[in-house]
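# Structural overview for review
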Amino acid sequence: VLPQYQKQGAAGAAVRADGFLAGLNNAGLIRTTGAGGEAIVGGSNVLGPIVNSGTILATQGAAIAIGPATTLGPPILLVAPGPSFNISNTASGVIQGGPADGSGVAIDESGAGNRLAITTAGTIIGAIKLGPAGGELFVTGGSIIGAISGQSGSGDAVDFNTTSGFATGGSIANVDTI
């Protein structure tokens, strides 16, 4: 379980995980405020999962970016996952990339070569960009303030299975199965 990690400024990482990472459980605050600053950086053998019951916030970049570092901007969390990778955002969890209006990017797996499964019951502020390997988004509650986009023909899927209600503030495009 991570306590509070913050990075302000234009470069560097608050937490660096090079090589194998068995998983990350955030119950505090992971935040970056500067362009080009990362709060967590993972190496090429990161396997996950990420469980968030706290807050992951990038004010000027993607909150969670999956894929090669050379193809992505300044993420708060950068990992190149193994064969499959999971992100779980619990009911108390907040993942925010960019401004509070949802115009930024919260989760970007568009550069990933592997399948990503995202489960959320909490709040996601910013777009969710599913990847070329067939990303899956399971919504069990909470809200998404931002667009959800897939890559047509990749097998991307969005599943709304909620008994507690759900709100969305953006479009859903190029997703193969809803």
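This structure is a prediction, so every number in the text was calculated from the model and none was measured.

## Notes on the nonpolar core
Among the nonpolar cores identified, the biggest contains 22 residues, and Ile87, Ile95, Ile107, Ile118, Ile128 and Leu137 are the most heavily contacted of them. Secondary-structure elements contributing two or more residues to this core are strand S8 (64-66), strand S12 (105-108), strand S13 (115-120) and strand S16 (136-139).

## Here we look at the pairing of S12
Here 2 bridges tie S8 to S12, and the two strands are oriented parallel to one another. Looking at the pairing, Ile64 lines up with Ile107 of S12. Examined bridge by bridge, S12 and strand S15 (residues 127-129) share 3 bridges and lie parallel to one another. From the neighbouring strand, Asp108 faces S15, where its bridge partner is Lys129.

## A few points about the side chain of Asp156
With respect to the helices and strands, Asp156 occurs in the loop between strand S18 (148-149) and strand S19 (157-160). Asp156 sits in the buried class, given a relative accessible area of 0%. A polar atom in the side chain of Asp156 sits 2.9 Å from the side chain of Ser154. If near-sequence neighbours (up to four positions away) are discounted, Asp156 is found in contact with Leu130, Gly131, Gly134, Gly135, Gly150, Gln151, Asn174, Val175, Asp176 and Thr177.

## Thoughts on unusual backbone geometry
Positive phi values are uncommon outside glycine, yet Asn174 reaches one of about 60°. Looking at where Asn174 falls in the secondary structure, it is placed in the segment after strand S21 (172-173).

## With respect to the side chain of Glu109
Its place among the elements puts Glu109 in the loop between S12 and S13. For Glu109, a relative accessible area of 1% gives the class buried. A polar side-chain atom of Glu109 sits 3.2 Å from the main-chain amide nitrogen of Gly131. The residues contacting Glu109, other than those within four sequence positions of it, are Ile66, Asn114, Leu116, Lys129, Leu130, Gly131, Pro132 and Gly135.

Conventions and cut-offs
- Residues numbered from 1 in each chain as written.
- Predicted model: local features only at pLDDT ≥ 70, side-chain atom pairs only at ≥ 80, totals over all residues.
- Heavy atoms only, no water.
- Core = buried A, V, L, I, M, F, W, Y, C linked by side-chain atoms within 4.5 Å.
- Buried < 20%, exposed > 50% of the residue type's maximum accessible area, 1.4 Å probe, protein only.
- Helix = DSSP H or I, 4+ residues; strand = E, 2+ residues; numbered from the N terminus.
- Pairing = 2+ DSSP bridges.
- Polar contact = N/O pair within 3.5 Å; in protein donor to acceptor, adjacent residues only side chain to side chain.
- Contact = heavy atoms within 4.5 Å.

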